[in-house]
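Here's the letter readout for the chains.
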Amino acid sequence: MELALGDRLVDLLEHGPRPAEHPFTSLDPAAYTSLEIHRDEVAAIAAGPVAALASSELAAPGDFITVELGGVPIIISRDRAGRVHAMRNVCAHRGATVETREAGSARIFSCGFHSWSYDLDGSLRNVTDSGIWSSEPCTTGLRRLACEERHGIVWVTPDAEAGGSGETVAEWLGDEVDELLAELGLAAMVHHAAVDYDLGCNWKLLTDGFLEIYHLKYLHRDSIAPYFPANTTATSPTGDHFVGWLPKNRLVKELTERPREEWEVLRHLTGAIVLVPGTVVQWQAGHVELFSLRPHPTDPTRTTARLTMLVPADRADETDLWDRNWERVNVTIPDEDFAAAVDVQRNIDAGAVDEIRLGANEHFLADHLAAVRRRSDLVNGRSRDVPVAVG
């Protein structure tokens with residue numbers, strides 16, 4: 001993979017970005033505010049794998065974490081045999097929250113309302129005072145959700161009805177992306193840190209920043225821009241997903257001064273793998289930044305962005321290095337990329353944006369909208385136009 005990628009980047013670095021071959025397009029800002037579109041997109045996200053957490057966050061049997069995905073409260077746990085389970089964090093009795101802690105270790109889960117208890121896989125363990133509660137036994141446990149560990153990540157399908165569709169994470173990723181994540185070694189990476197950002201913008205505005213680098217030398221002029229050649233990226237669709245590679249300045253020296261068979265390409269790149277819908281895996285030549293974009297269930301202008309940093313397990317004890325990288329990403333991304341998305345959303349919400357103009361070098365934003373629409377149409381059983389018109 002490295003040599004083929006290097007060949008592709010040699011041509012890009014030698015000839016530079018291509019001149020525009022078609023006019024700009026116009027995007028209706030309703031793509032970021034429509035309640036109907038948002039409702040369909042939330043359903044589409046909930047019907048497929050969502051990056052819930054790093055596998056290593058459940059390091060031992062009995063470990064659990066509670067999350068909310070698509071508005072659904074969920075317990076994710078590792079049982080005594082080492083298997084991971086996901087289930088609604090809602091008691092089968094009268095709908096109370098079962099586990100109120102954010103994380104911890106448990107032998108069983110017990111509801112504080114009437115003390116019904118459940119095993120780590122969600123099966124019903126005990127009904128208190130069962131003799132006076134019912135003349136017949138109850139066997140209903142917590143509602144289980146499709147859950148799979150792959151590439152060092154726990155993926156959960158929040159929609160319980162969709163969980164029976166049979167689509168595995170590998171099938172959703174497609175062969176090419178699945179093989180890429182394997183080659184990048186995500187399965188051998190562990191959790192270093194994670195943080196949630198509650199943002200006042202549509203989730204797609206956050207994704208947009210990973211799909212074009214036109215903004216790099218302007219928005220990031222005082223942070224990361226000096227390390228990269230301007231307007232230089234190799235991005236391509238892979239099924240309904242997108243894979244982009246951003247070369248660093250030192251890659252030019254690597255490709256021009258070393259024999260091809262000795263090229264070390266990946267260590268001089270940043271990679272953005274945009275998984276449709278709602279997940280971004282950003283490769284940083286030594287660690288990975290995992291972005292799980294979780295739209296508000298009803299408000300299209302709010303998103304929780306879960307940022308997790310994964311590091312090689314055999315280097316996890318290099319905490320000073322990873323802490324510096326973690327600090328850097330938590331300045332660059334929130335203060336620059338996220339802030340720009342929130343700013344655009346604020347202007348859209350004020351009615352001050354009549355249309356959004358996408359240049360030829362930003363066409364992957366429109367392509368991403370089309371990919372999201374296809375996924376949404378598939379899940380919701382309807383066809384809807386993408387609000388993009390030729391300018």
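Quantities reported herein were computed from a predicted structural model and do not represent experimental measurements.

Caption draft 1: Fine view of the nonpolar core. Ranked by internal contacts, the top residues of the largest apolar core, which has 55 residues, are Ile74, Ile76, Val156, Leu199, Leu206, Phe291 and Phe338. For this core, the element with the most residues is helix H9 (residues 319-349), which contributes 8 residues. Aside from chain neighbours lying at most four places away, what touches Ile74 is Ile65, Thr66, Val67, Leu69, Ala86, Met87, Arg88, Asn89, Leu145, Val156 and Pro158. Of all hydrophobic cores here, the second largest spans 32 residues; its members include Leu12, Ala51, Trp172 and Val243.

Caption draft 2: Here's a closer look at the pattern of salt bridges. Within this structure, the stated rule accounts for 20 salt bridges. Between Asp7 and Arg260 there is a salt bridge; the shortest N-O distance is 2.6 Å. In this pair, Asp7 sits in helix H1 (residues 2-15) while Arg260 sits in the loop between helix H8 (249-257) and strand E16 (269-275), placing the two residues 253 residues apart along the sequence. Judged by relative accessible area, Asp7 falls into the partly exposed class, the value being 34%.

Caption draft 3: Region of interest: the packing of helix H2 (residues 35-46) against helix H10 (residues 363-380). Close contact between H2 and H10 brings their axes to 8 Å; oriented N to C, the two are set at 80 degrees. In terms of orientation, H2 lies roughly perpendicular with respect to H10. Every residue of H10 that contacts H2 at Asp40, Glu41, Ala43 and Ala44 is listed here: Val372, Arg375, Ser376, Val379 and Asn380. Of the residues contributing to the contact of H2 with H10, the split by class is 4 nonpolar, 2 polar and 3 charged.

Caption draft 4: Looking closely at the pairing of strand E17 (residues 279-283). Burial of E17 is extensive: 5 of the 5 residues sit out of reach of the surface. Residue alternation in E17 divides its side chains into two sets, Thr279, Val281 and Trp283 and Val280 and Gln282, and both sets are buried. Strand direction decides the pairing type here: E16 and E17, joined by 5 bridges, are antiparallel. Looking across to E17, one finds that Ala272 is bridged to Gln282. Counted between consecutive antiparallel strands, the loop separating E16 from E17 contains 3 residues, among which Gly278 sits at a positive phi close to 95 degrees. Looking at chain direction, E17 and strand E18 (residues 288-295) are connected through 5 bridges and run antiparallel. Bridging from a neighbouring strand, Val280 pairs with Phe291 of E18.

Caption draft 5: Layout of the sheet that holds strand E11 (residues 147-150). Taken together, 3 strands build an open sheet; the order of strands is E2-E12-E11 and the sheet is antiparallel. Taken across any chain shown, the strands that pair with only one partner, and hence form the sheet edges, are strand E2 (50-54) and E11. Each neighbouring strand pair of the sheet contributes to a mean axis angle of 30 degrees, computed without reference to strand direction. As judged from the 4 bridges shared by E2 and strand E12 (residues 153-156), these two strands associate in the antiparallel manner.

Caption draft 6: A look at the packing of H1 against H8. The N-to-C vectors of H1 and H8 enclose an angle of 110 degrees; their axes lie 11 Å apart at closest approach. Classified by the angle between their axes, H1 and H8 sit roughly perpendicular to one another. Within the contact between the two elements, H1 uses Gly6, Leu9, Val10 and Leu13 and H8 uses Leu251, Val252 and Leu255. Residue composition of the contact of H1 with H8, by class: 6 nonpolar, 1 polar and no charged.

Thresholds applied
Residues numbered from 1 in each chain as written. Predicted model: local features only at pLDDT ≥ 70, side-chain atom pairs only at ≥ 80, totals over all residues. Heavy atoms only, no water. Core = buried A, V, L, I, M, F, W, Y, C linked by side-chain atoms within 4.5 Å. Buried < 20%, exposed > 50% of the residue type's maximum accessible area, 1.4 Å probe, protein only. Helix = DSSP H or I, 4+ residues; strand = E, 2+ residues; numbered from the N terminus. Contact = heavy atoms within 4.5 Å. Salt bridge = Lys/Arg side-chain N within 4 Å of Asp/Glu carboxyl O. Axes fitted to C-alpha atoms, helices over the stretch in contact; angles between N-to-C directions. Parallel < 35°, antiparallel > 145°, perpendicular 65-115°, else oblique. Nonpolar A, V, L, I, M, F, W, Y, C, P; charged D, E, K, R; others polar. Pairing = 2+ DSSP bridges.

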